[in-house]
Amino acid sequence: MTEYPQLHLLVGGAKRAGEGRDLADVLDPTTGEPIAALPLATAADLDEALDNAQTGFLTWRKAPPEQRAAVLTNAGALLRERVDAIAAILTREQGKPLAEAKGEVLYSAMLFEFYAGECKRSYGRTLVRPAGMRSEVRYEPVGPVAAFAPWNFPALNVARKVGGPVAAGCSVIVKPSEETPAAGLAIVQALLDAGCPPEVCQCVFGVPDEVSRHLLGSPVIRKLSFTGSTAVGKHLAKLAAEDLKRTTMELGGHAPILVFADADIDRALDTMVPNAYRNAGQVCVSPTRFLVEEPVFDKFRDGFVERVKAITVGNGMDPASKMGPMASPRGPDQMERMVGDARTAGAQVASGGERIGNQGFFFQPTVLAEVPLSAEIMQEEPFGPVAIVNRYAGEEAMIEEANRLPYGLAAYAWTSSPARRSRLAAEIESGMLAINHPSVSAVDAPFGGIKWSGHGHEDGMEGVMACMVAKTVHEGE
Ligand code: NAD
């Protein structure tokens, strides 16, 4: 059994725990039992973190890019060294299979390494002017950032939240999810061990609404970065707007996958089925709405169900498990409600549809077919191990359905027609689109959505630029 670490806040590099702070239980999703007590920040902790963030910013903004790059490179190397230990605590607190947890920690290392290169390239530009006149555009760090990361990728979400600010020369206070605190703490600790000044990157936990109101209510904070649900995102964006703080919002999605009759159906199934049940479907870019062209519908649905029935569900620490439990008790409750509602609306439950056992937060990998629009799951992001497989008459109807919802994060398409590929690239309303490819994320590509899926980006050069502001300087003789 993995040793789960002692938990603490990291304020100015100091590990804060106990001393009368309130505690929250961290649950093991495999058993549902508590595994640790998490100290919650007091108002005094948050004020101290804010003071540190201000002083940290004033020094880090002047740090040479090479110094920031070295910190990120070294932190990436430390994450690679520590991958087995961090992945084990991540699986313990979140549930995903160990192989996925290792991949997540390594992706975090790759992101730090990419940002290390990128922070040296925040070039400005010189404008064309007559002799004796000079105008330039400079990019400067925006200021201290307050960042809130959710529980579905406890390491990567935190790496994304802190990597951009550290690369850009900002300071950052991150609040990982209280449900999965240890992996995020390990990410912050790696940065500190790599030489990041302790005032530049701090980590707190608390009552989410209290922490966000406290940090966003302070004039020290100049930017909000949030990943989570659209509902909470809208609430936080309003708080940020009161002080005109900048925002990056990575919110929910309900990704369509357009499968055309001319596609390589086996390749689509072999890659998209594992993708749909990765992390028990608790992924903002999870492929959830399979829109299948009529002539290949039966073949696609049957091949989908066959592959889903072969997914082994179990303890994430067991190498045989391809899917672990959901991360919290809310997960199976939500699945049960959404599947029940779809059934009542007339959907076929083609596979799964039930909780597994009475220990932990397990739910069967589930396939719903021919789901009517009236079902809740056709409107709301399921965020669990369930995929919808529906039939459509052709391209026009499929694009219309793909764009119907207010979300616009990820979309996928499978087709062998080059002409259709360019039509889809132009017409699909989403921040990211993968065609004949199962993944929309890469450390060098901007990750983010449109409409209710949010705005701004992480990853790519855009992830660093999102933490910078332009300043124009005009000089005469
Ligand atoms: P939630 O929306 O309450 O929580 C999502 C995250 O936001 C959590 O980490 C939570 O700690 C944080 N949070 C909540 N209220 C906050 C506040 N006032 N200030 C700061 N942080 C706050 O609910 P949930 O039950 O965890 O998830 C519900 C839905 O959220 C999911 O079904 C999914 O649709 C969405 N979600 C999306 C992502 C994503 O990656 N985009 C991640 C997690 C959850």
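First, a word on scope: everything that follows refers to the structure included in this document. All values reported here derive from a predicted model rather than from experimental measurement.

### Considering the site of the ligand
Taken together, 25 residues surround the ligand, and among them Trp151, Ser212, Ser229, Arg330 and Glu381 come closest. The side chain of Asn152 places a nitrogen or oxygen atom 3.2 Å from an oxygen atom of the ligand. Between the ligand and Pro208, the relevant distance is 3.3 Å, taken from a nitrogen atom to a main-chain nitrogen or oxygen of the residue. The fraction of the free accessible surface of the ligand (800 Å²) that becomes covered by protein chains is 84%. A class-by-class count of the residues in the shell around the ligand yields eleven nonpolar, eight polar and six charged. Two domains each donate at least three residues to the shell around the ligand, and these are domain 1 (9-251 + 453-476) and domain 2 (255-442).

### A word on the packing of helix H9 (residues 265-277) against helix H10 (residues 297-309)
Interhelical geometry of H9 versus H10 gives an angle of 45° and a closest axis separation of 10 Å. Looking at the two axes, H9 sits oblique to H10. Of the two elements, H9 crosses H10, and the hand of that crossing is right-handed. Contact residues: Ile265, Asp266, Ala268, Leu269, Asp270, Val273 and Tyr277 in H9; Lys299, Phe300, Gly303, Phe304, Arg307 and Val308 in H10. Counted by class, the contact of H9 with H10 contains eight nonpolar, one polar and four charged residues.

### Observations regarding the sheet that holds strand E12 (residues 255-259)
Strand order in this open sheet of seven strands is E14-E15-E16-E13-E12-E18-E19, and the pairing throughout is mixed. Both edges of this open sheet fall to strand E14 (348-351) and strand E19 (432-435), since each of them pairs with a single strand only. Shown here is a sheet whose adjacent strand axes are inclined to one another by a mean of 20°, direction ignored. Both E12 and strand E13 (residues 287-293) contribute to a ladder of five bridges, which runs parallel. Of the residues in E13, the one forming a bridge with Ala255 is Pro287. H10 rests against E12, E13, E14, strand E15 (366-369) and strand E16 (386-392) of the sheet, and its axis sits at about 170° to E16. Contacting E14, E15 and E16, helix H11 (residues 330-345) runs over the sheet at an angle of about 25° to E15.

### A word on the side chain of Thr248
One can find Thr248 in strand E11 (residues 246-250). Its relative accessible area of 2% is what places Thr248 among the buried residues. Within the local environment of Thr248, its side chain forms a polar contact with the side chain of Lys223, the two groups lying 2.5 Å apart.

### Section: the sheet that holds strand E6 (residues 134-141)
Ordered in space as E5-E6-E22, the three strands form an open sheet in which the pairing is antiparallel. If you trace the sheet from one side to the other, it starts and ends with strand E5 (125-127) and strand E22 (468-475), each paired once. On average, each strand axis in the sheet is tilted by 25° relative to the strand beside it, whichever way the strands run. Two elements, E5 and E6, share three bridges in a ladder whose sense is antiparallel. Across the sheet, Leu127 pairs through a bridge with Ser135, a residue of E6.

### Quick notes on the pattern of salt bridges
Applying the stated criterion to the full structure yields 41 salt bridges. Measuring nitrogen to oxygen at the nearest pair gives 2.9 Å for the salt bridge that ties Lys175 to Glu178. Accessibility expressed as a relative area gives 5% for Lys175, which makes it buried. Ionic pairing is found between Arg420 and Asp262, a salt bridge with its closest N-O pair at 2.8 Å. Residue Arg420 is found in helix H13 (residues 418-427), and its partner Asp262 is found in the loop between E12 and H9; the two are separated by 158 residues along the sequence. For Arg420, a relative accessible area of 12% corresponds to the buried category. The class of Asp262 is partly exposed, set by a relative accessible area of 27%. One salt-bridge network, in which partners are shared between bridges, spans Arg61, Arg134, Glu136, Arg138, Glu140, Lys471 and Glu475.

About the thresholds
- Residues numbered from 1 in each chain as written.
- Predicted model: local features only at pLDDT ≥ 70, side-chain atom pairs only at ≥ 80, totals over all residues.
- Heavy atoms only, no water.
- Near = heavy atom within 4 Å.
- Polar contact = N/O pair within 3.5 Å; in protein donor to acceptor, adjacent residues only side chain to side chain.
- Areas by Shrake-Rupley, 256 points an atom, 1.4 Å probe, with all protein chains shown as cover.
- Nonpolar A, V, L, I, M, F, W, Y, C, P; charged D, E, K, R; others polar.
- Domains from an automatic or database assignment.
- Axes fitted to C-alpha atoms, helices over the stretch in contact; angles between N-to-C directions.
- Helix = DSSP H or I, 4+ residues; strand = E, 2+ residues; numbered from the N terminus.
- Parallel < 35°, antiparallel > 145°, perpendicular 65-115°, else oblique.
- Left-handed = near helix turned anticlockwise from the far one by under 90°.
- Contact = heavy atoms within 4.5 Å.
- Pairing = 2+ DSSP bridges.
- Buried < 20%, exposed > 50% of the residue type's maximum accessible area, 1.4 Å probe, protein only.
- Salt bridge = Lys/Arg side-chain N within 4 Å of Asp/Glu carboxyl O.

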